[in-house]
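Here are the chains, one letter per residue:
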2 protein chains.
Amino acid sequence: MSEPHAQITETPTTFNSVTPELVGAVMAAVHAQRPDIVRSLVSDLTPSDMAWVLEQLSEEERQPLLDLLQTDLDPKVLVELDDSVRDQVIGQMGPANVAAAAAELDSDDAVDLIGDLGAEEREQVLAAMAAEDRAEIEQALAYDEDTAGRLMQRELVAVPQNWSVGEVIDYLRESTDELPEDFYDVIVIDGGRKPVGTVALGTLVRTKRPVLVADIMEDDPYTLPVGTSQEDVAHLFRDENLVSAPVVDADGKLVGVITVDDVVDIIDEEAEKDIMGLAGAGQADIYSDVKETVRARLPWLAVNLITALIASSVIALFQDEIKLVVALAVLAPIVASMGGNAGTQTLAVAVRALATQELTARNAARFIGKEVVVGSLNGVALALVVGGIAWIWFGEWRIGAIIGAAIVANLIAACFSGTIIPLSLNRMKIDPAVSSGVFLTTVTDVLGFFVFLGLAAIFLI
Amino acid sequence: MSEPHAQITETPTTFNSVTPELVGAVMAAVHAQRPDIVRSLVSDLTPSDMAWVLEQLSEEERQPLLDLLQTDLDPKVLVELDDSVRDQVIGQMGPANVAAAAAELDSDDAVDLIGDLGAEEREQVLAAMAAEDRAEIEQALAYDEDTAGRLMQRELVAVPQNWSVGEVIDYLRESTDELPEDFYDVIVIDGGRKPVGTVALGTLVRTKRPVLVADIMEDDPYTLPVGTSQEDVAHLFRDENLVSAPVVDADGKLVGVITVDDVVDIIDEEAEKDIMGLAGAGQADIYSDVKETVRARLPWLAVNLITALIASSVIALFQDEIKLVVALAVLAPIVASMGGNAGTQTLAVAVRALATQELTARNAARFIGKEVVVGSLNGVALALVVGGIAWIWFGEWRIGAIIGAAIVANLIAACFSGTIIPLSLNRMKIDPAVSSGVFLTTVTDVLGFFVFLGLAAIFLI
C-alpha cells in the first residue's frame, strides 16, 4: 500500500523531494550510460516528482532518459506532466507504449491522456488498445472537452437504498478488484440507477451494521449532468466543500463520479487561464517551444498595435500644438499611463469577481459607482502631484492645471471602463479575462491623449 | 444527515440555487417586516448560498436582515463569507454572538474567524468564550498566519499501530461525539504520538476486521510541520493528490490535520493574490469599501507615477528633435507600448511558473534564451508592419527604419526583462507577482523612448 518517498521532518522551503541537483545527477548517469544508477535515483520518486524531473529537462535531454526508462516509466507520471511536455513525451514514447500506459490508468486519467492527443496519434493509440478499453475511452471522448462527462471516472461505488451498512461493508470487502483506488462517498441509487443519496465514508464507518444506508445518506445529493462545464464543477466543489459528486446522463442515470483531486487541477487551470488572459499571453507556458509561443502571443500584440496606432493618430491631431509647446509631448504619456494603470487595477478585480460569480446584475451598479468614486479620489491625488511637478518643471501653472484635469478625467474613465467593459463582454458571452485589456487600453490611451492635448489646444495656445 | 438544497437536473449555467431575484424577494420581505417570509426564503440555503446572499447586499441593506436573523444565522455562513463582508457582518453581530458562533465551528474555522478580527475585537470575542475553547483558539493563534498550524483542525482520528481494522471501526462507532464531522484518513501513531502511517477510509472499509492497520497503512506519510507555509501545503496536496495530511509540532507529535477543502480555498487565494499582484490592485476586492480600495491602490499608482516621470524625462532629452520632427512625438508611444505588452506576456508566464515551482535554477537559462528568441521574432514581425505604416504615414523611409529597429530592440529587452526581473526578485525573496510589473514598465518605457528618439537624433536630424 505504501509508496516510499522522502519524509519531511524539518520545516522545508519546498516539498519537492527532488532538487536541481538530483536532475543533474540523473543526467550525468544517463550520459555515463549507467541505467542502474538512473533507476536507483528515480525509483523512489512519486509520479509527480518524476514528472517534475522530466519537465526540468529540454526535449533533447529527455530523449535518452526516456529511451532508458521506457517500460519502467510509471503511467501515472504522464498524468502529472504539464501538457506541452506530455505531448513531447508521448511523441517520444510511441503509440504502443502509450496504449499500454493508458490501460493501467483510472478511466478519467486515460481519457485525459488520450483526449489531448492529435487526431492521428489518437487513432494510433486507440488502435493499439484492447477493444473493451477502447470502447470505454471512445465513449468518454464523445463528451465535450472541459465537461463533467470528460472529467469523471467510471470506477465508483454504488449501492441500492435498501442495503444496510453491514451489507455495504461486506460488498466492499469482497469486490476489492472492481473498486476505484480512491473513493470518499458511497452513492446510493434507486432501481433505475438514479442517485438518491450519498454516504460519506466517514459516516459509513461510524454507523452500526444494521442501520440502512437510506437512513444515514445525505439525500438530495448534488448530481452533475455530463454536460456541466468544468468551471461550474469547480464552483460547486469549492462552495459546498465536496470531495466527490456523482455524474448523471441525460436520463438522470449514474454514469460516473468526479473527485476533488481533479477539481484542484481545474481550479488551478482556471486561475492560470485568467492570469494569462489578462496578460494576453495566450495558452503558451514555459514548456512551450518558440513556435508555439510566438503563435500564442503575436496575435495579441497585433491587436494591441491597432490600439497603439489609434492612440498615435490622436496625438497626430495635435501636431501643431506640440510644435509650439514640446512639453506636451513630454507629459502626454503620463496621462495615458496613469489611466492604464488605474484601469488595470479595476479590471483585475472585476474579472476575478465575474469568474467567481461574486459580481452579478444585483451588485453591478453598486460596484461601478464605487469604482468611479475610487477613480475620482485617486485621480485628484495624482493630479495634485503631477500638476505641481509639471508646473515647476515647465514654469507654467496652466500646464499643471491642464494635466491635472486630464488625469482626473482619465482615471474616472479608466475605473468606469474597467468595470463596464468586462461586464459587457461577460453579458455577450465573451471571456472578459482575455479581451477586456485591449478595449481598456484603447479608452485610457485615446482619452488620455485627447483630453490632455485638447485642453492644451483650447487653454494654452 | 441531510441538508436540503435545490437538486440540479438540467444542464445549468450556474450551480447557485440562489439568484438575484431571491435576494430581491428577501429584501422585499425584510422591508415589509415579515420575518416569517424571510426565514422561509433562506431556511433551505446552504451556508455558502446564504453567504452569497449576504455578499450581494450593501452594508446598509444587510443590517436589517442580520437584525432579523441574528440567532438563526448558521455559524458556517461566517466561514463562507468573503473577508471584507465578514468583517462587516461580525461588526454588526457583536462579540457575544460571534463567540457563540465560534464555539459551534470546527477548530480550524473558529481560528480563521477569530484570527481575522482586529486586536480589540479579538479580545472581546475571546473574553466571551468558554475558558477551554478560548485556550484552544489562543494556542492556534500563536502560530503564524498562513501556516499549517493555523490551518489545521484539532479534531482528528488517530489510532495506535497495533490496532486491527475491527478495533478501529468499533472505536469509530462508539465515539461518534468526539469525531470530526468529515474525515478521510485514519492516522496511525506510535507510543510517542508520532504519525507512522495513514489509512484512507476507502482502504479501511474494504479490509477485513482482523487485519492490522499497520499492514494496510501508507507508511512514510507526508507530515506537515506546524510552520509549513500555506503555499507549500497547497503544492503538496496538489502534486500528491492528497485529501488530508497530519500536522506535527516541533517534536514530531501529531497536533492536527489539514483537509483538502481548506487547500482548495488556499489555491484560490494564492491565484487571486497573483492576479491582483500583477495588476497592482492590492488586497481590495469588490466588497472592499472606497477607503480600503483607495488605500490598496494609490501606493501602486504612486510607484508607477515615478516610472512615468522617468520615461517623460527621457522624452524631455529630445525636445529639440521633436520640435523639428513632430512625427517622433506621434510614434514614440507605439514603441513603448509594444514593449510593455510583450514584456507583460513574458512576465505572466514567468511569475506563474515561479509560483508553481516549475521555473528553477536548472531551466532558467533555457527559458530566458527562449524568451529572447520569441522577443526577436515578434519584434521583427511588428517592426515590419509598424515600419511600413510609419514610412507611408510620414513619407520618409528612414522614420520607418528607425521605428522598426527600436521596436526590435525594445521587444528583445522586454522579453529578457520579463524573465530576469521576476527571477531576481524571487531570489531576493521579494514576491515577483507584486513588484515585477513596475520594473518591467520602467525598462520598456525608458528603453523604448530612448532607443527610438536616440536613433532619430543620430540618423534623421
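Source: prediction; values computed, not measured. (Residues numbered from 1 in each chain as written. Chains lettered and ligands numbered in written order. Predicted model: local features only at pLDDT ≥ 70, side-chain atom pairs only at ≥ 80, totals over all residues. Heavy atoms only, no water.)

**Some remarks on the overall build of chain A**
The secondary structure content of chain A amounts to 22 helices and seven strands. Each of the three principal axes of chain A carries a C-alpha extent, and together these read 90 × 65 × 50 Å. Across the 461 residues in chain A, those meeting the buried criterion constitute 56%. Across chain A, contacts joining residues at least 24 apart in sequence account for 66% of those joining residues at least 6 apart. In chain A, 29 positive and 71 negative side-chain charges are present, and the distance between their average locations comes to 6 Å. (Helix = DSSP H or I, 4+ residues; strand = E, 2+ residues; numbered from the N terminus. Buried < 20%, exposed > 50% of the residue type's maximum accessible area, 1.4 Å probe, protein only. Contact = heavy atoms within 4.5 Å. Lys, Arg positive; Asp, Glu negative; His and termini not counted. Charge placed at Lys NZ, Arg CZ, Asp CG, Glu CD.)

**Quick word on the packing of aromatic side chains**
In this description, a pair of aromatic rings is defined by centroid distance and the angle of the planes. Applying the stated criterion across every chain, the model contains seven aromatic pairs over all chains. Ring centres 6.3 Å apart and planes at 85 degrees place the aromatic pair Tyr184(A) and Tyr184(B) in the edge-to-face group. With Tyr184(A) in the loop between helix 12 (165-174) and strand 2 (185-189) and Tyr184(B) in the loop between helix 12 (165-174) and strand 2 (185-189), this pair bridges two chains. Note on Tyr184(B): relative accessible area 11%, which makes it buried. Between Trp393(A) and Phe394(A) the ring centres are 4.9 Å apart and the planes differ by 20 degrees, which places this aromatic pair in the stacked class. Overall, the relative accessible area of 22% leaves Phe394(A) in the partly exposed class. (Phe/Tyr/Trp six-rings, centres within 6.5 Å; stacked < 30°, edge-to-face > 60°.)

**Looking at the pattern of salt bridges**
All names here are of chain B. Under the definition given, this model contains 34 salt bridges over all chains. Across the pair Arg86 and Asp83 runs a salt bridge, and its minimum N-O distance is 3.7 Å. Linking Arg86 with Asp83, this pair stays in helix 6 (residues 83-93), spanning three residues, or about one helical turn. Using a relative accessible area of 2% as the deciding quantity, one classes Arg86 as buried. Relative accessible area serves as the criterion here: at 44%, Asp83 is assigned to the partly exposed category. Between Arg134 and Glu123 there is a salt bridge, with the nearest N and O atoms lying 3.7 Å from each other. One end of the pair, Arg134, is in helix 10 (residues 131-141); the other, Glu123, is in helix 9 (residues 119-127), with eleven residues separating them in the sequence. (Salt bridge = Lys/Arg side-chain N within 4 Å of Asp/Glu carboxyl O.)

**Some details on empty space enclosed by the protein**
This structure, assessed with the given rule, holds nine cavities of 30 Å³ or more. By volume, the largest cavity is sized at about 1,100 Å³. If you list the elements that add at least two residues to the lining of the largest cavity, you get helix 16 (260-279), helix 17 (290-316), helix 19 (327-355) and helix 22 (432-459) of chain A together with helix 16 (260-279), helix 17 (290-316), helix 19 (327-355) and helix 22 (432-459) of chain B. Considering only enclosed or pocket space, the second largest cavity measures out at about 80 Å³ in volume. What lines the second largest cavity is a set of 13 residues, among which Ile315(A), Ala329(A), Pro333(A), Ala329(B) and Pro333(B) lie closest to the centre. At the level of elements, helix 19 of chain A together with helix 19 of chain B are the ones that each hand at least two residues to the lining of the second largest cavity. Of the residues that constitute the lining of the second largest cavity, the class distribution is 13 nonpolar, no polar and no charged. (1 Å grid on protein atoms, 1.4 Å probe; cavity = no way out; pocket = protein on both sides within 12 Å on 5 of 7 lines; lining within 4 Å. Points joined across faces, edges and corners; volume = space filled by probe spheres on them. Nonpolar A, V, L, I, M, F, W, Y, C, P; charged D, E, K, R; others polar.)

**Here we look at the relation of the copies chain B and chain A**
Note on the copies: chain B fits chain A at an RMSD of 0.1 Å, the axial shift is 0.0 Å, and the rotation between them is 180 degrees. The symmetry that links the two subunits is that of a two-fold axis. Taken together, the interface assignments show that 99% of the residues at the interface of chain B recur at the interface of chain A, consistent with an identical surface on both copies. (Least-squares fit on C-alpha atoms with pLDDT ≥ 70 in both.)

**What to know about the packing of helix 15 (residues 230-240) of chain B against helix 16 of chain B**
The relative placement of two packed helices is expressed as an angle between their axes plus a distance between the axes. Residue and element names in this part refer to chain B. Contact geometry of helix 15 with helix 16 gives a least axis separation of 9 Å together with a crossing angle of 115 degrees. With respect to the hand of their crossing, helix 15 and helix 16 are arranged in left-handed fashion. Residue-level inspection shows Gln230, Glu231, Val233, Ala234, Phe237 and Arg238 of helix 15 in contact with helix 16, the latter providing Val260, Val263, Ile266, Ile267, Glu269, Glu270 and Lys273. Its residues assigned to classes, the contact of helix 15 with helix 16 comprises seven nonpolar, one polar and five charged. (Axes fitted to C-alpha atoms, helices over the stretch in contact; angles between N-to-C directions. Left-handed = near helix turned anticlockwise from the far one by under 90°.)

**Quick notes on the sheet that holds strand 1 (residues 158-160) of chain A**
Residue and element names in this part refer to chain A. Read from one edge of the open sheet, four strands run 1-2-3-4, paired in mixed fashion. Looking at which strands have only one partner, the edges of the open sheet turn out to be strand 1 and strand 4 (218-219). Examined bridge by bridge, strand 1 and strand 2 share three bridges and lie parallel to one another. Looking at the pairing, Pro160 lines up with Ile189 of strand 2. (Pairing = 2+ DSSP bridges.)

**So, the interface of chain B and chain A**
Counting from both sides, the interface comprises 149 residues of chain B and, opposite them, 148 residues of chain A. Of all residues in chain B, Arg173(B), Arg206(B) and Arg362(B) give up the largest surface area on contact with chain A, accounting jointly for 7% of the area buried on that side. On the surface where chain B and chain A come into contact, there are twelve salt bridges. Glu61(B) is the partner of Arg362(A) in a salt bridge, and the nearest nitrogen-oxygen pair spans 2.6 Å. Taken together, the links from chain B to chain A amount to 53 residue pairs in polar contact (both at pLDDT 80 or more). Broken down by element, the side of chain B that touches chain A gets its largest block of residues, 17 residues, from helix 19 of chain B. Across the side of chain B that touches chain A, the residue classes break down as 78 nonpolar, 37 polar and 34 charged. (Buried area = accessible area lost by both parts, 1.4 Å probe. Polar contact = N/O pair within 3.5 Å; in protein donor to acceptor, adjacent residues only side chain to side chain.)

**Some thoughts on the pairing of strand 7 (residues 254-259) of chain A**
The buried count for strand 7 of chain A comes to five of six residues, which makes it a mostly enclosed element. Count of turn residues in the strand 6 (residues 244-248) of chain A/strand 7 of chain A antiparallel hairpin: five residues, of which Gly252(A) carries a positive phi of about 80 degrees.

**Describing the domain arrangement of chain A**
Here chain A is described as being made up of domain 1 (20-146), domain 2 (158-265) and domain 3 (280-459). Each of domain 2 of chain A and domain 3 of chain A has a C-alpha centre, and these two points are 50 Å apart. (Domains from an automatic or database assignment.)

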